[in-house]
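# Summary of structural features
Each chain, letter by letter, is given below.
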Amino acid sequence: NWRDRAIPTDADIILQRIYRAETVDEIIRCNREYSIQVEMFFDEFGGGDAGRLVRDAKQYIKDHITEPISLKDVAAAMNVSPSYLSTVFSRTEETSLTNYINKKKIQKAQHMLVKERLKIYEVSMMLGFESAGYFAKVFKKYAGCTPSQYLEGRQDPGRDSSSDASE
């Protein structure tokens, strides 16, 4: 019985909070916390593999990088709840899954802009961004400059091109 081996205080405290909850939202929140505790227990005691889950999530992101990808999409593909995937991913990678997705998309964008010589709006569309403006905003957050500035810097003849993003 998994409950005999689990740390009873965590699960029992959450269950007591469910019983004392006064609103449906509070019950739902407590239930989610309880579900995460159960899933984490199974990961820790051999019923699941957090490392495998994160590897599979990363592979899914790599395979679907040219599509709009959200936490919900990846969680559905992994057959786990978004909150559980988020918790496991953040604990394992020390970054959120959403940040990881955006970082990988921007690395791919850098490659597409420089190596494939695509236009900014083309890259934006090909990577599943809702608009070129939003793409530029995300690009600046992760690359430290706008896509136009990135391209201008790449055209500088004195700049070393060996540091291109290769993923």
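Going by the structure above, here's the rest.
Okay, so let's go over this structure.

Within this structure, the stated rule accounts for one salt bridge. Ionic pairing is found between K58 and E93, a salt bridge with its closest N-O pair at 3.1 Å. Linking K58 in helix 4 (residues 50-63) with E93 in helix 6 (residues 82-93), this pair joins segments that are 35 residues apart in sequence.

The next point concerns the packing of aromatic side chains. Following the criterion strictly, the structure yields five aromatic pairs and no others. Measuring from centroid to centroid gives 6.0 Å for F129 and Y134, while their planes differ by 50°, and the two rings are tilted. Residue F129 is classed as buried on the basis of its relative accessible area, which comes to 11%. Sitting above the plane of the F129 ring, K105 keeps its charged end 5.7 Å from the centroid.

Turning our attention to the environment of K58. Here K58 falls in the partly exposed class, since its relative accessible area comes to 26%. In the structure, K58 is positioned 39 residues away from L97 in sequence and 9.0 Å away in space, judged by C-alpha atoms. Residues contacting K58, with those up to four places away along its chain left out, are F89, E93 and Y100.

Further remarks concern the side chain of K105. Of note, K105 is situated in helix 7 (residues 97-114). Only 2.6 Å separates the side chain of K105 from the backbone oxygen of I65, close enough to count as a polar contact. Separated by 2.4 Å, the side chain of K105 and the backbone oxygen of L127 make a polar contact. When neighbours within four sequence positions are excluded, K105 is seen to be in contact with I65, T66, E67, P68, I69, L127 and F129.

Let us now look at the nonpolar core. Counting residues in hydrophobic clusters, the biggest one holds 18 residues, and the most contacted among them are I61, V74, L85 and L97. Where this core is concerned, the elements lending two or more residues are helix 4, helix 5 (71-78), helix 6 and helix 7. For this core, the element with the highest residue contribution is helix 4, accounting for six residues. Excluding residues within four positions of it along the chain, L85 makes contact with L53, A57, L71, V74, A75, V80 and L97. One finds I106, L127, F129 and V138 within the second-largest nonpolar core, a separate group that totals 14 residues.

Helix-helix packing is described using two parameters, namely the angle between the two axes and the distance between the axes. Between helix 5 and helix 6, whose axes approach to 9 Å, the crossing angle comes to 95°. When the axis of helix 5 is compared with that of helix 6, the two are roughly perpendicular. Here helix 5 contributes L71, K72, V74 and A75 to the contact with helix 6, which in turn contributes P82, L85 and S86. When the residues that make up the contact of helix 5 with helix 6 are grouped by side-chain class, the tally is five nonpolar, one polar and one charged.

Reading the values: rules and limits
- Residues numbered from 1 in each chain as written.
- Predicted model: local features only at pLDDT ≥ 70, side-chain atom pairs only at ≥ 80, totals over all residues.
- Heavy atoms only, no water.
- Salt bridge = Lys/Arg side-chain N within 4 Å of Asp/Glu carboxyl O.
- Helix = DSSP H or I, 4+ residues; strand = E, 2+ residues; numbered from the N terminus.
- Phe/Tyr/Trp six-rings, centres within 6.5 Å; stacked < 30°, edge-to-face > 60°.
- Buried < 20%, exposed > 50% of the residue type's maximum accessible area, 1.4 Å probe, protein only.
- Lys NZ or Arg CZ within 6 Å of the ring centre and 35° of its normal.
- Contact = heavy atoms within 4.5 Å.
- Polar contact = N/O pair within 3.5 Å; in protein donor to acceptor, adjacent residues only side chain to side chain.
- Core = buried A, V, L, I, M, F, W, Y, C linked by side-chain atoms within 4.5 Å.
- Axes fitted to C-alpha atoms, helices over the stretch in contact; angles between N-to-C directions.
- Parallel < 35°, antiparallel > 145°, perpendicular 65-115°, else oblique.
- Nonpolar A, V, L, I, M, F, W, Y, C, P; charged D, E, K, R; others polar.

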